[in-house]
Every structure is written in structure tokens, then in C-alpha cells.
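The primary structure of each chain is shown beneath.
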Amino acid sequence: MKVTLPDGTELQLEEGATGGDAALAIGEGLARAALAVSVNGELRDLARPLPDGAQLSIITGKSPEALELIRHDTAHVLAAAVMELWPGVKISIGPAIENGFYYDFDFPEDAEVSDADFERIETKMREHVKAKESFTRQDISVQEAIEKFKTENQDYKVELIEDLITNEGAETVSLYTNGPFTDLCRGPHATDTGKIKAFKLTSIAGAYWRGDAKRQMLTRIYGTAFLSKEDLAEHLHMIEEAKKRDHRRLGKQLDLFHFSEISPGSPFWHPNGMKIWNSLHELWTEQNARRGYNRVKTPILLDVDLWKISGHWDKYRDNMYFTDIEDRPMGIKPMNCPAHIQIYKSERRSYRDLPIRYSEDGLVHRHEPSGTLHGLMRVRHITQDDAHIFCTEEQIQDEVIQCLRFGFYIYEIFGFEPKLELSTRPEQRVGDDATWDRAEAALENALQAEGLEYELNPGDGAFYGPKIDLHMKDSLGRSWQLGTVQLDFSMPERFELAYTGDDNDEHRPVMIHRALFGSFERFIGILIEHYGGEFPLWLAPVQAKIIPVSDLFNDYADQVAQTLVDAGLRPDVDARTESVGKKIREAELSKAPVMLVVGAEERDAGTVSVRRRHNAGDDDAKLTIGELVDVLSAEVAERRRPDAG
RNA sequence: GCCGGGAUAGCUCAGCUGGUAGAGCAACCGCCUUGUAAGCGGUAGGUCAGGGGUUCGAGUCCCCUUCCCGGCUCCA
């Protein structure tokens, strides 16, 4: 038989030859380094016989697939160790994931497992790795497999196999054995556990079986594995570095905001944080005005009757706060839409008025479950850069496209490259299926018209309509939704919105809900991590730290500061009786983008000595105060990115 | 909300198997008048998250509550 290698050469092999045989035929070194083999683009074990005429490539440690393979191997070794340490433990699934792997276990009732057990689990795992136990594959009938796992009391495995039968019509399944441990597994695996060169258990957490909150909570153990100890060390170091960018840590360090038990999930914004907020708010005001949005402001407390009409009472009540005002039940708004609808409804509308675009930096409150709160990323007190567009059905696509372009304009300022998701109808929803069909198609059309790549996220839409979401990752790789464009045929129906068409008949408008930052809170959280606290000049809370070399020059420093303030800039004078070295150090630690050193020389010449963040002082530019104002003002005005020089 | 882990001075953290709390930085007071990443000396600062229990004795052990951290579910 013959197989073809990646470079196009053909390799002649004996009938029934395996991937391992092929690797050996190419070279002994390759055979030693081989972990698995790619057959017609599908990863397989080295030990499996090759089909004639296959496109073959040998997977080694250098291949991009190698890490995934090794991590999956390590997950099996973890399961093997856990089963030895806790007899009677039930196993479920253990895949490789980005940056590592996990395995989910159902421990016996009385077992208390925590990260304190990692050491002994790892020790056990190391024994298996050292023993270089081979992974052997066995294909058996589904009946046999069910029988086997039933006798072993492995209910989760039985359920998995039963699902394979119903969903895929499976007749056989594969089992993999490493040492004492046999698992239901598609594979592939490396030849033996000795290929795992470095691993570490990283955390332990609860995880629902099948991701279903109504089902059993399992214990998930996370770990990571690499092909060398150096790679592992580097990975761990990178995580440490990423933690330094955590917005919760930087928020404290840079004195931007704090959280308190007094009001969980609600930031207290400090003066420094508020300066970032205000700069962002200015961008919001400016661009919304420029793009045909009219700013409005609506109440936070609204009669419960309104929430009954909108559907929030039925579908969103658990996330809302309620109160009684003089025996009248009121709800605190979790969204601004019903309030904006009141403005639309305050007078008769004509087709000539549409589209009507209202924007509001709307403060909403949502009862987010306690376990989900996460710094600024997930709060209960949310300030959305909200907008609602009322338009005709014909205007939908154009309006959605305008929203997306607006979003990309904003994200470009920060150098963000968001991931797009199209979320479709959820189980909990209002509106009939035909309406949902139209709404989903409209969004899809807009995305395709703009040639944008997106991921489909079925069932994740809002209860009133499908949506396009813009996602960004935080410093530790967690993805957060920022912007959103949501289509809504339902609210207009429920509130009986109307406009008079050119036919003099009443028509129903369509609503588009959109936010681009998403919320000021989350957006600033992402910004802090994105910049690692080193904000570009236009966002920096303190733009220029003025450092008099001794307190003899405090007056001149104040004079410089006043000139900058008059020009709309944000300086701060460090007038303490401290050494220049100390003041520079602290200015650097505060991540101020500009430091201005002033002494006798500068005072006499009417200049400042300009040090940029991270730049040693030797090549400081000497600028007159006027020049300084021009330079800084220009940089702020164009919202220059730090990487733009 | 669920599973696991945490909470010690303003901040970052130490405090072994129970014997009554400590460092650095910050703050305050002096001296130094300082030229590009920490000048020197001193002083003060804690209901060890809150509540209950075990014990002669609890920061340390047990229980409850709150909040935080890591995940899961859910979400901007």
C-alpha cells in the first residue's frame, strides 16, 4: 500500500502498516518523536493500521496539535490517579481545553476534595507518567460497553453511550486503557504516558453535569500540560504577568474605584476612575450627537404595570428589584427600553419621523446572582451606553449596518478586535416564530452585507429578539460581551407602537436596541486590562505629573499646572518635600503618561523638562509651556493610541 | 444560585501542630532643599470580616452569616 506525505512524496508500506510503521520508515528519530498521526486530516493513534492511499502527516511535539493531544492524555492520567485515591469515584468527561484540560468527577458523599489534595494526586500521576504506560485502544459494541460501565457503576459513562446511540446511531465505541485505567474515549492518544513531560493541576471547581444547573454538580479538576518543563514554567509566568493587569488589582493600585460589602456588585468610583469615565462619556456624547442620536433621560423607578406589558414581569422578574411607593408597586428598571418607548408614544409619529434614535447613558439595576459578580465586568449597578432606534422594516438592515459601523469606529480607537456572535431565539421568549424568523434573517443579512465573520450562538438571544454581540477577552482570556445590537418586533407589538405611513394607514415600527460599550463599567474594566493601567493621554486620570525639584519651585509648578488646566488638561503637582528620584518613581508607578520636571533652569526660561512614561530622563525634551500645551492638546484631541508614537 | 477556597494595620503580606499579633510601604513628626525609579531618624496605627461554640486559654479548632477569589449555571 501507499501513503502520501505532506511534501507530496509517496511512501510504500506493507499491508496493514500503522502510523508508527510509517514514521519508522521515514526515520528513526521521527519515530521516537512521533505522538500521533494525521490521516486525511483526522488525528489518529500511531498504533492504528493506515488505510491505503491516505494523506499522512506525523504529529510530533512541534505540531500545533501536539499540546491538545498531550493534555487529553494527561486528563486520562488524572482520572487514573483519582480513581486509585478515591475508590468508588464516578468519572464523567475530561477533554483538553484552551491552555490545559479538566476532568469532571462525582466523588463519594463523604469525600472532601480540595486543592490541598493536588500534591498527592500529582504524585500518583507522576508514577503513571514515569511508568510510560501505553495507551491502547479497543473497539467494542455499545451493548458490551454499557454492560461494562454498568457493572462498574459508572452511570455517567452509560448515559454518554446511550446518547451516542440515539444521537449518532453508534454501534461501537472505543475504549482507551492506560495502566489500570480504562475510559470511554474517541481518542486519539499518544503512544504512552511517558510523552507527558510537564504537567500541573491548577484549580478545582464545581461544574454541572452536562452544563445543566438542574443536574448533579460534579467536581472539576483543572490542570495544564506541556511538552517541556520550560514551556510549563513560561506558561505559569505568563499567568502571573496577566494577573498584574487584572482591573480589580489595578483599580485599587491606581485609586480608580472600590467595592464594598455595603453594596455588593456596585463600584464606588473614585476621582481618578471618574476621569476615565468622563473622557469616555465625552466620546459617547460627541459620537452619538454626530450620528443622529437624540439624547434622553428616563426614570429609574417605573410602575409594575409597565413591566407587565413589556414582558419583563414574566420573563425577567427574578433579575429585578421591586419596591412599593405609597402602596403602589414599582420596579427598578433593568433595561431602558420601556422608558424610551414612553417617549416614542408621547405623540403621534409619521413615517417622515423615522428612524427615531434615542440614546441614554441609562442606569439600570439587575439582580445578578451573587456567585457571578466579577469586579467591573459583572455588576448589579449598570450604566449602559444605551440607544433605541424606532424604524420601519425596510430601514432595518441599513440601521443595523450603521450600528455595526459605529461600533467598529469606537473599537478602532482602542485597537480592539472584537469577536462577533449572532445569538438566536432562546427558550424563554415572547413573539411568534414567524417574527423570529424575520428578525434573525435581518441580522444575518446585515452581517453578510458587511462581510463580517461571526459565530452562531443558538438560543442565546434576548427574550424579545435576536442579537449581534461584540465580545472581548480580559487579561486572563475570559470573554465578555460588550456591544450588542438587538432586533425587536415584540416590544412595539406589546406597547402598540404605531406610525402613520404614506398610505395614511397605521403601521407598526420595529425597534433596535443597541449598546456599543455595553456598559461603562464593563468597558472600563476591559480598558484597564487592555492597557494594563497605562492609559493613552486622552484617558489618563492624571495626564501630567508636575515635579518641582525642590519646594522652592512649587509656585512655578502651580503656574504650569494652571496653564494646563486652562487648556482643558489634567495635571497634578507633586509638591511634597521629597527627592526628585522618589517623585519620579511614584509618578511612574502611578502610570502617569507625562512627567514634567521643573527647577531653576525651567522657571527662568519659562519651560518644562518633559519625561514620557518609561523613558529615562537623559533625552528629555525642553518645551516652553505654550509648546507643551500644543503637543498635549493635539494628542488628546485625536485620542492618539499609545502605540501610534 | 451551585461547588471549592479565602478574609490579619490604609496597601502588600508573615504569624508551625491553640499560649493573647509582626514586617515593608503609606500616614504623622523632625532633619535634609533635593535634577529623572525609593535620603535619614522617630511616632502612631489592629473588636485578626461579623456572630456563636469548644477550651484554663482561640487569629489559629468547630458552626452560622456576610463579602471576596476560582469555576459552573446565568448575563452588558
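Located above this text is the structure these notes cover.
No experiment lies behind these values; they were computed from the predicted model shown. (Residues numbered from 1 in each chain as written. Chains lettered and ligands numbered in written order. Predicted model: local features only at pLDDT ≥ 70, side-chain atom pairs only at ≥ 80, totals over all residues. Heavy atoms only, no water.)

1. A word on the pattern of salt bridges
Summed over all chains, the structure comprises 48 salt bridges. Arg 32 is the salt-bridge partner of Glu 28, the closest N and O atoms lying 3.9 Å from each other. Taken together, the residues span about one helical turn, with Glu 28 and Arg 32 both in helix H2 (residues 28-33) at a distance of 4 residues. Judged by its relative accessible area of 59%, Glu 28 falls in the exposed class. Two residues, Arg 425 and Asp 437, come together in a salt bridge whose shortest N-O distance is 2.7 Å. Highlighted residues: Arg 425 in the loop between strand S22 (419-423) and helix H14 (433-449) and Asp 437 in helix H14, separated in sequence by 12 residues. By relative accessible area, Asp 437 is classed as partly exposed at 45%. (Salt bridge = Lys/Arg side-chain N within 4 Å of Asp/Glu carboxyl O. Helix = DSSP H or I, 4+ residues; strand = E, 2+ residues; numbered from the N terminus. Buried < 20%, exposed > 50% of the residue type's maximum accessible area, 1.4 Å probe, protein only.)

2. Some remarks on empty space enclosed by the protein
Applying the stated criterion to the full structure yields 2 cavities of 30 Å³ or more. The space that makes up the largest cavity amounts to roughly 40 Å³. Lining the largest cavity we find Val 430, Gly 431, Thr 435, Trp 436, Ala 439, Tyr 464, Gly 465, Pro 466, Leu 487, Asp 488, Phe 489 and Ser 490. Listing elements by their share of the lining of the largest cavity, those giving two or more residues are H14 and strand S25 (479-488). At 3 residues, the largest contribution of residues to the lining of the largest cavity is made by H14. Put simply, the second largest cavity is a space of about 40 Å³. At the level of secondary structure, the elements contributing two or more residues to the lining of the second largest cavity comprise helix H9 (271-290), helix H13 (396-414) and strand S28 (510-519). With 4 residues, H9 is the largest single contributor of residues to the lining of the second largest cavity. When grouped by side-chain class, the residues that make up the lining of the second largest cavity number 6 nonpolar, 2 polar and 1 charged. (1 Å grid on protein atoms, 1.4 Å probe; cavity = no way out; pocket = protein on both sides within 12 Å on 5 of 7 lines; lining within 4 Å. Points joined across faces, edges and corners; volume = space filled by probe spheres on them. Nonpolar A, V, L, I, M, F, W, Y, C, P; charged D, E, K, R; others polar.)

3. Looking at the sheet that holds strand S30 (residues 571-573)
With respect to topology, 5 strands assemble into an open sheet ordered S30-S29-S31-S32-S33, the strand pairing being mixed. Unpaired on one side and paired on the other, S30 and strand S33 (621-624) mark the two borders of the sheet. The mean angle between the axes of side-by-side strands here comes to 30°, regardless of whether they run parallel or antiparallel. Inspection of the sheet shows strand S32 (residues 607-612) paired to S33 by 4 bridges, in the antiparallel sense. Its bridge partner lying in S33, Val 610 is registered against Ala 621. Contacts between helix H20 (residues 625-637) and the sheet are confined to strand S31 (594-598), S32 and S33, with S33 contributing the most and set at about 100° to the helix. (Pairing = 2+ DSSP bridges. Axes fitted to C-alpha atoms, helices over the stretch in contact; angles between N-to-C directions. Contact = heavy atoms within 4.5 Å.)

4. Quick look at the layout of surface pockets
One number sums up the size of the largest pocket: a volume of about 1200 Å³. Forming the walls of the largest pocket are 42 residues, and the residues nearest its centre are Tyr 316, Arg 366, Glu 368, Lys 467 and Gln 481. Here the lining of the largest pocket is built from residues that sort into 14 nonpolar, 16 polar and 12 charged.

5. Quick word on the protein's contact with RNA strand B
As a structural note, the neighbourhood of RNA strand B is formed by 63 residues, with Ser 370, Arg 378, Gln 481, Thr 577 and Glu 602 the closest of them. Backbone atoms, meaning sugar and phosphate, form 54% of the atoms of RNA strand B found within 4 Å of the protein. A distance of 3.5 Å separates a phosphate oxygen of RNA strand B from a polar side-chain atom of Asp 460. Going through the elements one at a time, strand S12 (198-208), strand S13 (217-226), helix H8 (247-253), S25, S28, helix H18 (580-589), helix H19 (600-605) and S32 are the ones with two or more residues in the surface near RNA strand B. With 7 residues, the top contributor of residues to the surface near RNA strand B is H18. Its residues placed into classes, the surface near RNA strand B shows 22 nonpolar, 21 polar and 20 charged. (Near = heavy atom within 4 Å. Polar contact = N/O pair within 3.5 Å; in protein donor to acceptor, adjacent residues only side chain to side chain.)

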